[in-house]
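# Structural overview for review
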Amino acid sequence: MFVYLSKKIAIPNDTTLKCVSWNKQFGFIACGGGDGLLKVLKLETQVSDDSKVKGLAAPSNLSMNQSLEGHNGEIRVATWNEQFQKLTTSDQNGLIIVWMMYKGNWYEEMINNRNKSVVRSMCWNAEGQKICIAYEDGAVIVGSVDGNRIWGKEFKNMQLTHVTWSPDGKLLLFGTTNGEVNIFDNFGNYINKMELQCLINATGAVSLSGLTWYNGILGYVEPNCPCLAICFDNGRCQIMRDEVDDNPILIDTKMHAVDIQWNDCGSTLAIAGSQTSVQNDKTINVVQFFSAFGEPLYTLKVPGKSICGVGWEGGSLRISIGVDSFLYFANIRPDYKWGYMSNTVVYAHQKPDRPDYCLIFWEASRNVKNVKYVKNLSGLCAGGDHCCLVTQSEDDGGQNVLVLCNAIGTPMDSKFIDIEPHFVCMTATHIITASYNAIHVWQYTSVSSVVSLDYAHVMPQLGVHKEKKEKLFHIDDENPERSKVDEINPSVVNANTQDPICSICASDKVVIVARESGTIHRYAFPNLELSNRYAVAYEPKRMSLNCNSSRLGIINTGGMLTIFDLNARVTDENGQEIIGEQLHFERKDVWDIKWADDNPELFAMMEKTRMYIFRNLDPEEPIQCSGYLCKFSDLEVTAVLLDEILADPDNPTKDNLIELEIKSLRDTRALVKTVGMKDAAQFVDDNPHPRLWRLLAEAALDRLELSVAEHAFVRCKDYQGIRLVKRLAQLQNEQMKSAEIAAYFHRFEEAEKIYLDMDRRDLAIEMRMKLGDWFRVVQLLQSGSGGADDKKLMQAWDAIGNYFTDRQKWAHAVTYFTQSNNQEQLLECYYMLEDYDSMAALAGSLPENHKLLPRIAKIFKMVGMCEQAVLAFTKCGLIKQAVDTCVYLNQWNQAVELANTHKVKEIDDLLAKYAAHLLQKDNLLQAIELYRKANHYISAAKLVMDIAKREAEANASPLQLKKIYVLAGLLVESYHDSMKTKSISGSRMIGLTGEGGVADEDTIFKAWRGAEAYHFYLLAQRQMYEGYVDAAMRTAQVLSDYEDTLDPVKIYSLLALASAVNHAFSVCSWALMRLESLDTLTEDQRKSYQGLAMIIFSRHAPKDEKSRNFPEPGKDKVPICVVTGRYITEPQHWSCSKCKHSAYNTEIMKKQNCPLCHAKI
């Protein structure tokens, strides 16, 4: 942080000022003094035509200077209500006036005079709704913004001097004349007396000089940040987190304090007062600046006798100071967290609604920014192509971490360190951090700095391994080159030293470390050997090395810049030769310095709001600027206007990064325009620099003075430029030379016009092709009077198509690839557009065995378009892949058809594998359909019969079971039909189906047997219910031959019932005997059947009432009528063409379908 006086305003009639207050929101400054003097001023920055002159560098004038009349006595207190734009003032007579703005002027709005005591302090709450007025006699009044009194109290035996609100408006703190601070609630009820640890061991009477509590409207530096400041006239101060903080930050300013004020974001506390000089016993007015954590930032000396107060501007870039009858303004250059690397500015800021830091990586050339959020950010620096973030880990240890990031904020590497990093700097290969006692050096890459770490992730694959080296040593260590991190005790490194570190800097050759005594250590890379010690007579605050590490720029704590020659050898008073000499050069009020990257004698510095360029310690004309220096290269200084950026950090503009040319570059540019080339060449020869020679070469080319241009290109070592001049010398046509030069200077439109005027359209086309401007190439090819070059036109169409594919504009790309007939790129575009119809058309247009057909087929397969995939595979002769696609997409009919058509033998294996997969997943129906479509009827019938068995075990209905068995039987019949076809077509189909073995005969037999069993079972039941008991009995007798399919209990129960009703007690007796003999019955069931038989046959003899002649079951292979269930005895009978079962002709004539398989008759 650096502060310097920038402006001074005299108060009329030499009236001494007593109070100063700056409205942070609207910029009005109120200052009051004796004889009722009250003035409201406003400083406004004039808008300059030069975009580079902004912020503090821009001139500022008083846009308002109004004297407010109404007070007669000395103005003691002035405070702003920023939310409602009101000013409240009070004088020594106790008169209070509230002022308001009306039509650009301030007028009285309200007046109040208690006429008993004088007002010592007034304070508005954070919302601006309430004001608390503290009188000297202990009276307190709290009023509203509209002038109404809310409450009032008189505190007895308490003389008040100060009052402040808590940020939430729930507490009031009152300071008294005896130095006490009392805590009250917002209704005036006493709570407690505050403990003032800063007065411990203080002697003599003390009085309160300042009491201020930051309102937190713009957020805090970090969570739980100190924001309550209490200061006494003896210079003792304490900063607290809240009113009950038992561990406050204690400060001893060692001066007579008169006022304290927080800046607008609560990060900096300004304490105004006076000190007595020890040397001449003279009183000096000073303003000391401290961070919210009590760290001293800067001490500003202010001329005059008596300082009365300070006020911060909104934005915290200026401060007003009242001294005697003058109002001073001081500009503040904050130590922003920022860095510059690879044309990217990285800066950190805080948002009121977030506790962490917002990091923005802003590439100004493209105006592109990347945003990252980092917690506990304590430092930031940049060097080369990377930046380093210094953070603190969130674990209990709170170890500090160095995070290496690239230009878009991506973390590349990290390192935990064991010291508190108060200072940090970095080069292209090293990061150097230092506490007050120790130094840590981390070589984050051992690869040459020309290799960007953006490729760090591929280095191991290329055989290049990063070698992480680091050193940690104490500042008092005489042999740091011997130290290793693993061998050092952290307690030894963190041991206190009598001469702490105050600044560091580094180059690719050396590390410079400065100590508070003025001792400077020089460590040489790579071993960090302590090569030299130097001594200066001041405490360095900031240092910078030139490009060859021979000179060191030092800015001390007072803002004075000196230059130290590190390699100079001089003789001291004792005749001893010493290395290092401070040059005779001093500049005051300097806050930034930057050496040129390509000249060890060139550097730029910021002095107040002026930038100076020095060449060998001789200054050039200053340039008005308030930017922070980023880079000094090629005779141009790049600076960033961080003040303007951080005013709106989320929206940086290109105008906030400025490039300034130094005088020699400006003079050379003027010379080449106004005088001849020889004079300009002589000037550049006297002030040599590659940039100047390049400028001269370009000017000579424009004038076609090739000899001067060649000489200049040689001096600046531009090989391409030399080749250009050689080529121009061989050209005879002046127009051709002009076109080549215009193209060299990137004036392509001009070069093209020259070519076209020469009727050399071919050269214009060639130039545009080299530039990759294919749209213009097409225009030129089509605009000529002659025919266009088809080859170049196709190349242009193709390039334009690639242009659109790079931008993922696939539909536009299709148009151009169609014209260039680039089928491979068309396929890619169709795929990205999911235009499969066009892709199918493309496949149809391709010749057979084209290389794209397999790829197209695979795409169709991937998206489930089987037919198109098969066509593509077939067209390129990949039949096996076509069959695989059908199998993969469950198109088995098509797979079998393809296998038959193209004689693919491997289809059986595929079917078996897929069927096993379906069965493993218990997808029986899909497996059945698979086998049926593949003509594996017996395998399908087996699975159907398995389903029938399952359903029978689950007690499914007989009708359902009959249908399942009929399905199995029909599959068997299909098998028979296929076998007939096999006998006709030969062995080819036999090998395809692979069925009909011995194991399949059982399936062939049982399929229709199960259907017959359930058919006759249902028929018997139906006959029974319809009253045809004799027919039912006969059908039930047939069922006795199907015990392997039906449950015998059901068969013989039905037979016993039907025969009993039919009075065929002999059959009934036989059926009951069979039931009693079944092994599956329980003892209770058997006894039940025995009891039933006893009841029946005690009444009826086991004889049939009628004689019946029919074959016994199972004896003869007599066909059974599927309509009536009777055995067929006639030689002529009907037989079903589908299931091959029989029926009486007379019975079947009544039917339209086969009763068993339901086939049409």
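Here the residue index of a chain counts from 1 through its sequence in written order. Restriction of local features to residues with pLDDT of at least 70 applies here, the model being predicted, together with a cutoff of 80 or more for giving and counting side-chain atom pairs; totals for whole chains, interfaces and linings are based on all residues. Calculation of side-chain values draws on the structure's entire complement of heavy atoms; hydrogens and water are dropped beforehand.

### Observations regarding the confidence of the model for the chain
We apply this condition: Scored between 0 and 100, pLDDT is the confidence that the predictor attaches to each residue. Throughout, a residue-residue contact means that at least one pair of heavy atoms, one from each residue, lies within 4.5 Å.
Taken residue by residue, the chain gives an average pLDDT of 86. The fraction at 70 or more is 91%. Across residues 446-467, confidence stays below pLDDT 50; counting only partners more than four residues off in sequence or on other chains, it has 28 contacts. Of the regions scoring below 50 in pLDDT, residues 986-994 engages in 13 contacts with residues more than four places distant in sequence or in other chains.

### Overview of the pairing of strand β38 (residues 430-434)
Cut-off, in case you're wondering: Burial classes follow relative accessibility: with a 1.4 Å probe on protein chains only, a residue under 20% of its type's maximum area counts as buried, one over 50% as exposed, and anything between as partly exposed. Only DSSP runs of H or I reaching four residues or more are called helices, and only runs of E reaching two or more are called strands; each is numbered from the N terminus. At least two DSSP bridges between two strands are required for those strands to pair.
Burial analysis of β38 places five of its five residues in the buried class, which makes it a mostly covered element. Of the two faces of β38, the one holding His430, Ile432 and Ala434 and the one holding Ile431 and Thr433 are both buried throughout. Of the strand pairs in this sheet, strand β37 (residues 423-426) and β38 are connected by four bridges, and their pairing is antiparallel. Of the residues in β38, the one forming a bridge with phenylalanine 423 is alanine 434. Joining the antiparallel neighbours β37 and β38 is a turn of three residues.

### What to know about the side chain of serine 274
You can see serine 274 is positioned in strand β23 (residues 268-276). By relative accessible area, which is 17% here, serine 274 ends up buried.

### Quick word on the sheet that holds strand β33 (residues 377-383)
Across a sheet, strands are paired by hydrogen bonds formed along the backbone, either parallel or antiparallel in direction. Let me state the cut-off plainly: Helix axes are fitted only over the stretch in contact, all axes being lines through C-alpha atoms; the angle between N-to-C directions runs from 0 to 180 degrees.
Strands sit in the order β33-β34-β35-β36 across an open sheet of four strands; the sheet is antiparallel. With one partner strand each, in any of the chains shown, β33 and β36 (411-417) form the two edges of the open sheet. Between one strand and the next, the sheet's axes are offset by a mean angle of 20°, whatever the strand orientation. In this sheet, strand β34 (residues 386-392) lies alongside β33 in antiparallel orientation, the contact comprising six bridges. What sits directly across from leucine 377, in β34, is threonine 391.

### Details of the sheet that holds strand β6 (residues 75-81)
Ordered by their spatial adjacency, four strands build an open sheet running β6-β7-β8-β9, and the pairing between neighbours is antiparallel. Of all the strands in the sheet, the pair left with one neighbour each is β6 and β9 (105-113). Across the sheet, the mean angle from the axis of one strand to that of its neighbour is 20°, orientation sign disregarded. Relative to strand β8 (residues 95-102), strand β7 (residues 86-91) is paired through five bridges, and the arrangement is antiparallel. The residue bridging serine 90 from the neighbouring strand is isoleucine 96, located in β8.

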